[in-house]
Amino acid sequence: MFDKTTVKNAGFVWVLLTLILNASAVRAQTEHAEVRMVIDQLFRGMRSGDSALVSRAVLSTATLQTVMKDAKGEIKTEGGAIAGFIKAVGTPHQDVWDERIYEVVIQVDGPMATVWAPYQFYRGKEFSHCGVNAFTLIETAAGWKISAIIETRRKEACL
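About the cut-offs
Residues numbered from 1 in each chain as written. Predicted model: local features only at pLDDT ≥ 70, side-chain atom pairs only at ≥ 80, totals over all residues. Heavy atoms only, no water. Helix = DSSP H or I, 4+ residues; strand = E, 2+ residues; numbered from the N terminus. Buried < 20%, exposed > 50% of the residue type's maximum accessible area, 1.4 Å probe, protein only. Contact = heavy atoms within 4.5 Å. Core = buried A, V, L, I, M, F, W, Y, C linked by side-chain atoms within 4.5 Å. pLDDT = per-residue confidence, 0-100. Pairing = 2+ DSSP bridges. Salt bridge = Lys/Arg side-chain N within 4 Å of Asp/Glu carboxyl O.

## A closer look at the overall build of the protein
Link 1 in the chain: The secondary structure content of the protein amounts to three helices and seven strands.
Link 2 in the chain: Order of helices (α) and strands (β) in the protein, N terminus to C terminus: α-α-β-β-α-β-β-β-β-β.
Link 3 in the chain: Looking at the protein as a whole, 30% of its 159 residues are labelled buried.
Link 4 in the chain: By sequence separation, contacts in the protein at least 24 residues apart represent 51% of the contacts at least 6 residues apart.

Right, here's the structure in full:
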């Protein structure tokens, strides 16, 4: 049915295909790990009050936006340039800003990545609020950088 050459060529193609698929999987894992390191750097900076660490995780043109309900139950948004947030992180404050993320989903397409991360935020040991962070990152010559953060914020229905 099949001669030795056909079987040998099929085996070679199978090995080559396996190597290519494995290389793609390793690249995807590496990209995901690099993106996650930037997100973790942002939160380390928040916890330590290190605005320089936070600043290195974001593009200078990055934006931060919060979506929440006001006292009347109406949806409102706040935010703008990331500079105000970076300044707030570096301004001495009594309590540690501890934002804990979980069930993180990272998606990468070439030089763009998105991160979806539910969170709980604590001021010191006291629970403050929860929600979901959605990050957009861009791969630059200096590595991955956060270009936008949008978050929901609420005090109820937290996991």
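## Digging into the nonpolar core
Link 1 in the chain: In terms of nonpolar packing, the biggest core is built from 28 residues, with L42, F135, L137 and I146 touching the most fellow members.
Link 2 in the chain: Elements with a minimum of two residues in this core: α1 (4-48), α2 (51-57), β1 (58-69), α3 (83-90), β3 (97-101), β5 (112-123), β6 (126-140) and β7 (143-152).
Link 3 in the chain: Considering every element that reaches this core, the biggest residue donor is α1, with six residues.
Link 4 in the chain: Apart from the residues lying within four places of it in its own chain, the contact partners of I146 are V38, I39, L42, A57, V58, L59, A62, F135, T136 and L137.

## Structural notes on the confidence of the model for the protein
Link 1 in the chain: In this model, the protein carries an average pLDDT of 88, and 82% of its residues clear a pLDDT of 70 or more.
Link 2 in the chain: No element of the protein has a lower mean pLDDT than α1, at 71, and none a higher one than β7, at 98.

## A short note on the pairing of strand β4 (residues 105-109)
Regular strands have side chains that alternate between both faces of the sheet.
Link 1 in the chain: Bridge count for β4 against β5 is five bridges, and the pairing is antiparallel. When the sheet's bridge partners are listed, Q107 is paired in β5 with T114.
Link 2 in the chain: In textbook terms, the turn of a hairpin is the stretch between consecutive antiparallel strands, and for β4 and β5 this stretch comprises two residues, one of which, G110, has a positive phi near 60°.

## Remarks on the pattern of salt bridges
Link 1 in the chain: Across all of its chains, the model carries five salt bridges by this definition.
Link 2 in the chain: Close ionic contact of R36 with D40 constitutes a salt bridge, the shortest N to O distance being 2.9 Å. Residue R36 and its partner D40 are both found in helix α1; the two are separated by four residues, about one turn of the helix.
Link 3 in the chain: The class for D40 is partly exposed, based on a relative accessible area of 25%.
Link 4 in the chain: As a salt-bridge pair, R47 and D98 come within 3.6 Å of each other at their nearest N and O atoms. Pair noted here: R47 is in helix α1 and D98 is in strand β3, with a separation of 51 residues, a long-range link.
Link 5 in the chain: Overall, the relative accessible area of 35% leaves R47 in the partly exposed class.

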